[in-house]
Amino acid sequence: MASAGKPVVFDKPRRVLILVENLPSPFDRRVWQEATTLLANGYQVSIICPTGKGYEKRYEEIDGIHIYRYHLPLEAEGAKGYAIEYSLALFHTFRLAWKVLFKHGFDVIHACNPPDLLFLIGGFFKLFGGKKFVFDHHDINPELYEAKFNRRDFFYKLMIIFERWSFKTADVSIATNESYKKIAIERGGMPADKVYVVRSGPKLDRLRILPPRPELKRGKKYMVGYVGVMGAQEGIDLLLQSARYLIKDMGRNDVHFGLVGGGTSLDAMKQMAQDMGIADSVTFTGRAPDQELLDMLNTSDVCVNPDVANEMNDKSTMNKIMEYMALGKPIVQFDLTEGKVSAQKASLYANKNDPIDMAKKIAELLDDPERRREMGEFGRNRVVNELEWEYEAPKLLAAYDRVFGKN
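What counts, and where the lines are drawn
Residues numbered from 1 in each chain as written. Predicted model: local features only at pLDDT ≥ 70, side-chain atom pairs only at ≥ 80, totals over all residues. Heavy atoms only, no water. Helix = DSSP H or I, 4+ residues; strand = E, 2+ residues; numbered from the N terminus. Rg over C-alpha atoms; globule rule 2.2 N^0.38 Å. Buried < 20%, exposed > 50% of the residue type's maximum accessible area, 1.4 Å probe, protein only. Contact = heavy atoms within 4.5 Å. Areas by Shrake-Rupley, 256 points an atom, 1.4 Å probe, with all protein chains shown as cover. Lys, Arg positive; Asp, Glu negative; His and termini not counted. Charge placed at Lys NZ, Arg CZ, Asp CG, Glu CD. Core = buried A, V, L, I, M, F, W, Y, C linked by side-chain atoms within 4.5 Å. Pairing = 2+ DSSP bridges. Axes fitted to C-alpha atoms, helices over the stretch in contact; angles between N-to-C directions. Salt bridge = Lys/Arg side-chain N within 4 Å of Asp/Glu carboxyl O. Parallel < 35°, antiparallel > 145°, perpendicular 65-115°, else oblique. Left-handed = near helix turned anticlockwise from the far one by under 90°. Nonpolar A, V, L, I, M, F, W, Y, C, P; charged D, E, K, R; others polar. Phe/Tyr/Trp six-rings, centres within 6.5 Å; stacked < 30°, edge-to-face > 60°. 1 Å grid on protein atoms, 1.4 Å probe; cavity = no way out; pocket = protein on both sides within 12 Å on 5 of 7 lines; lining within 4 Å. Points joined across faces, edges and corners; volume = space filled by probe spheres on them. Patch = residues over 30% accessible without salt bridge, like charges linked within 9 Å, V, L, I, M, F, W, Y side chains within 5 Å. Expected span 1.5 Å × (residues − 1).

Participant: Tell me about the overall build of the protein, residues and numbers included.
Facilitator: From N to C terminus, the protein includes 15 helices and 14 strands. Against the globule reference of 22 Å for 407 residues, the protein gives a C-alpha radius of gyration of 21 Å, in line with a compact fold. The dimensions of the protein, computed from C-alpha atoms along their principal axes, are 65 × 50 × 40 Å. Looking at the protein as a whole, 57% of its 407 residues are labelled buried. Long-range contacts, defined as pairs at least 24 residues apart, comprise 72% of the intrachain contacts of the protein with a sequence gap of at least 6. Entry remark: accessible area of the protein is about 17,200 Å², with carbon and sulfur atoms responsible for 53%. Averaged over its 57 positive side-chain charges, the protein has a centre that lies 4 Å from the centre of its 55 negative ones.

Now the structure itself:
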């Protein structure tokens, strides 16, 4: 188990620099859990990340962790937009890495993708500074590219190359599940003994079960909750189609939908709800603080994961599933491999990309309170006894012991 008391004292300082591009810290929950776990176990930790809403300071120290942030002027859409975003992110990350090196020092660069280009920075400091490089594999970017643009072209092949170079540069890689570990070994050429599976287990001191707030249901009997990114591969369009079928075709005027999260598709999804005539039955909060998220999910009777069935989502573990389970909520999602591995009997599984079947399964649960209770209890117990972050922290520490030559 990770140490919960005094930090471990090492013979030499163990200093870690974490690089993350897609979310600010401490908003990125997985990155923050990794950082605080390392800190609690004797490591010195610095983070380089972008700014974001509520996280505009270019530098701050939080709980002993040094956070350096840079501003990205756009939220990318399209291949050209991503090229600009990633180029700017690499420039600022490399610039700030030198600042961290001179102010605090680091022995290890821990790079969290996307993009799969951070190996350029890790490789530079490995080659010229003798630093170690840990590749934390959060997203399978070739599949993510295919999901966004629906093609396997030159850029897809380039993603495969960048991914392989990331693994080749790494002293150790961290996978979020067994599917990602298989990719690291088979496609990335990573030795199996250097790949550590560290799942994104929730922390129960953050995901607290609270009394529901009935006013969030807007006068309806039931609420269906969602938390996550509002992007192309998250299937919010499919969820809205399910909501429309449930409300209009099945005559369920007793259901409200609460959707928590921001992203490039948020405005388009709000307009879609308007066009479907269901806007009064859907609340979009945008990116929200933890308390607002907890209020919405604790009030929900059923939680949903409408992630599109594709190679990317089939192999990925979604944090939202763990969060729903931690709060004791029954789930409806599409039939995806890693979603079933995580949720098991805590979820019903709709036919892939079938919004009508999803609507019917939501209605099935809403009309069966005893089944909702049983599924919620199963999910909660699974998190408490198997999936909580306290069970994953020792695996992260084992990976770092390997980096520093202890095993």
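Participant: So what's going on with unusual backbone geometry? Residues and values would help.
Facilitator: Following S25, the chain continues to P26 via a peptide bond in cis, the omega torsion being 10°. Structurally, P26 is set in the loop between β1 (15-20) and α1 (29-40). Residue P114 is bonded to the preceding N113 through a cis peptide linkage, with omega at 5°. Following the sequence through the fold, P114 ends up in the loop between β5 (108-112) and α3 (119-129).

Participant: Explain the nonpolar core residue by residue, including any values.
Facilitator: Of all hydrophobic cores here, the largest spans 61 residues; its most connected members are L240, F257, L259 and F284. Sorting elements by how many residues they give to this core places helix α7 (residues 236-249) first, with 7 residues. Ignoring sequence-local partners within four residues, the contact set of L240 consists of M269, M272, A273, M276, I278, V282 and F284. Ranked by size, the runner-up nonpolar core spans 39 residues in total, among them L19, I48, F133 and Y180.

Participant: Account for the sheet that holds strand β9 (residues 222-227), naming residues and giving values.
Facilitator: Strands sit in the order β11-β10-β9-β12-β13-β14 across an open sheet of 6 strands; the sheet is parallel. With one partner strand each, in any of the chains shown, β11 (282-286) and β14 (347-350) form the two edges of the open sheet. Within the sheet, the average angular offset between the axes of one strand and its neighbour, ignoring direction, is 25°. Where β9 and strand β10 (residues 255-260) come together, 6 bridges link them in parallel fashion. In the sheet register, G225 faces β10, and the bridge partner there is G258.

Participant: Account for the pattern of salt bridges, naming residues and giving values.
Facilitator: The tally for this structure, following the rule as stated, stands at 29 salt bridges. Through salt bridges with shared partners, a single network forms among R29, R206, D290 and E323.

Participant: Run through helix α11 (residues 319-326), naming residues and quoting values.
Facilitator: Most of α11 sits out of view: 7 of its 8 residues are buried. Turning to α11, its buried residues number three or more, namely K320, I321, M322, E323, Y324, M325 and A326.

Participant: Before we move on, can you summarise the packing of α1 against helix α15 (residues 389-403) with the specific residues and values?
Facilitator: As a packed pair, α1 and α15 sit with axes 10 Å apart at the nearest point and diverge in direction by 65°. As far as their axial angle goes, α15 and α1 are roughly perpendicular. Of the two elements, α1 crosses α15, and the hand of that crossing is right-handed. Where α1 approaches α15, its residues Q33, E34, T37 and L38 are matched on the opposing element by W389, A393, L396, L397 and Y400. Split by residue class, the contact of α1 with α15 holds 6 nonpolar, 2 polar and 1 charged.

Participant: I'd like to hear about the packing of aromatic side chains, residue by residue, with values.
Facilitator: If you walk through the whole model with that rule in mind, you get 18 aromatic pairs. Ring geometry for Y59 against Y68: centres 4.7 Å apart, planes inclined by 45°, an arrangement best described as tilted. Ring centres of Y145 and F149 lie 4.9 Å apart, and the angle between their planes is 50°; this geometry places the pair in the tilted category. One end of the pair, Y145, and the other, F149, are both in helix α4 (residues 141-149), 4 residues apart, so they sit about a helical turn from each other.

Participant: Quick rundown of the side chain of E143? Include the residues and the values.
Facilitator: Here E143 is to be found in helix α4. Those residues in contact with E143, other than ones at most four positions away along the chain, are Y156, R187, E311 and M312.

Participant: Quick rundown of the pairing of β1? Include the residues and the values.
Facilitator: In terms of burial, β1 is largely enclosed, as 5 of its 6 residues are buried. In the sheet, β1 pairs with β5 via 5 bridges, with the strands oriented parallel. Its bridge partner lying in β5, V16 is registered against V108.

Participant: Pulling in residues and values, what's your account of empty space enclosed by the protein?
Facilitator: Using the criterion set out here, one finds 1 cavity of 30 Å³ or more in the structure. Taken as a whole, the largest cavity spans an internal volume of roughly 90 Å³. The wall of the largest cavity is formed by R29, R30, Q33, S200, G201, P202, K203, R206, L207, N319 and E323. Among the secondary structure elements, those contributing two or more residues to the lining of the largest cavity are α1 and α11. In terms of residue class, the lining of the largest cavity is built from 2 nonpolar, 4 polar and 5 charged.

Participant: Describe a positive patch on the surface, and please don't skip the residues or the numbers.
Facilitator: Positive charge collects at one region of the surface, where R58, R95, K99 and K103 lie side by side. Relative to the elements of secondary structure, R58 occurs in the loop between β2 (44-50) and β3 (59-62).

Participant: Got a sec to walk through α15? Specific residues and values, please.
Facilitator: In a regular helix each residue adds 1.5 Å, so 15 residues correspond to 21 Å; α15 covers 21 Å between its end C-alpha atoms and thus fits that length. Positioned one or two residues after α15, G405 has a phi angle of 80°, which is positive.

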